[in-house]
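As a plain string of letters, each chain reads:
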Amino acid sequence: MVQVRVQGLAVVAQEVAPVVLLREETGLRRWLAITIGAPEAQELAAAQEQVVSARPGTVELILEVLSAFGQHVERVEVTELRDSIFHADLVLSDGVRVSARPSDAIAVGLRAHAPIEVAEDVLAEAAVDVTVAGGDDPAEALGGDPAESSEDQIRQFRDLLDEVSPDDFRDPGPA
């Protein structure tokens with residue numbers, strides 16, 4: 001398994017569903033784009049920002065139920081890509097694995113401050129190249145400097161998205 005970081009959420013074009021962008025922490029620094037639904041994108045954004053609601057949402061409820069049973073999320077694993085569909089597991093403190101959609105698993109993982117990992121064969125098959133005009137590192141454009149203002153980070157992220165096309169997220173098909 002390869003540890004990744006959630007780099008952000010994106011809507012590449014109006015007719016394309018949102019994607020969550022994951023980036024390998026070390027090594028090749030590959031990117032993985034997983035298409036998700038709009039409600040899932042909202043939940044992921046809230047989880048990434050650690051937004052606290054007056055009443056717990058589904059992700060918070062899952063964590064509360066796990067806690068009531070003496071469990072916590074050890075890590076999230078994106079385990080496979082089968083028939084162009086990503087699959088993920090929540091790995092609990094006792095080793096039990098719970099199958100989940102990647103968007104839900106990542107949201108739970110972000111709320112639980114758990115590591116997110118992707119199987120090497122998934123990255124080998126589905127990683128995409130992301131480049132920014134001018135040769136800048138896309139990770140820096142998405143939030144590399146903590147002192148940078150949120151508006152600057154959002155502007156740079158939008159600039160990055162201008163360079164990406166929907167074809168970058170399509171399944172390349174059999175090799």
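Here, the structure is the one placed above.
Please read all numbers here as calculations on a predicted model, not as lab measurements.

1. What about the overall build of the protein chain?
Move 1: Counting secondary structure elements, the protein chain contains six helices and seven strands.
Move 2: Reading the helices (α) and strands (β) of the protein chain from amino to carboxyl end gives β-β-β-α-α-β-β-β-α-β-α-α-α.
Move 3: A total of 175 residues make up the protein chain; the buried ones form 40% of that total.
Move 4: Contacts in the protein chain between residues at least 24 apart in sequence constitute 52% of all its contacts with a sequence separation of at least 6.
Move 5: With an accessible surface of roughly 9,900 Å², the protein chain has 49% of that area assigned to carbon and sulfur atoms.

2. Comments concerning a nonpolar patch on the surface
Move 1: There is a patch of nonpolar side chains on the surface, built from Leu61, Val65 and Phe69 and spanning about 330 Å² of accessible area.
Move 2: With respect to the secondary-structure elements, Val65 resides in helix α2 (residues 58-68).
Move 3: Residue classification places Val65 among the partly exposed residues on the basis of a relative accessible area of 40%.

3. Thoughts on helix α3 (residues 102-112)
Move 1: A large share of α3 lies buried, amounting to nine of its eleven residues.
Move 2: Buried within α3 we find Pro102, Ser103, Ala105, Ile106, Ala107, Val108, Gly109, Leu110 and Arg111.
Move 3: Phi turns positive one or two residues past the end of α3, at His113, with a value near 55 degrees.

4. Thoughts on the pattern of salt bridges
Move 1: All chains considered together, the criterion is met by ten salt bridges.
Move 2: A salt bridge links Glu40 to Arg101, with the nearest nitrogen and oxygen atoms 3.1 Å apart. On the criterion of sequence distance, the pair formed by Glu40 in helix α1 (residues 38-48) and Arg101 in the loop between β6 (97-100) and α3 is long-range, its members being 61 residues apart.
Move 3: Judged by relative accessible area, Glu40 falls into the buried class, the value being 16%.
Move 4: Take Arg101: its relative accessible area is 46%, and that puts it in the partly exposed class.
Move 5: Taking the shortest distance from any N to any O, the salt bridge between Asp89 and Arg97 comes out at 3.0 Å.
Move 6: Using a relative accessible area of 14% as the deciding quantity, one classes Asp89 as buried.
Move 7: Among the residues examined, Arg97 registers a relative accessible area of 40% and is labelled partly exposed.
Move 8: The network of salt bridges with common partners includes Arg75, Glu77, Asp89, Arg97 and Glu117.

Cut-offs applied
- Residues numbered from 1 in each chain as written.
- Predicted model: local features only at pLDDT ≥ 70, side-chain atom pairs only at ≥ 80, totals over all residues.
- Heavy atoms only, no water.
- Helix = DSSP H or I, 4+ residues; strand = E, 2+ residues; numbered from the N terminus.
- Buried < 20%, exposed > 50% of the residue type's maximum accessible area, 1.4 Å probe, protein only.
- Contact = heavy atoms within 4.5 Å.
- Areas by Shrake-Rupley, 256 points an atom, 1.4 Å probe, with all protein chains shown as cover.
- Patch = residues over 30% accessible without salt bridge, like charges linked within 9 Å, V, L, I, M, F, W, Y side chains within 5 Å.
- Salt bridge = Lys/Arg side-chain N within 4 Å of Asp/Glu carboxyl O.

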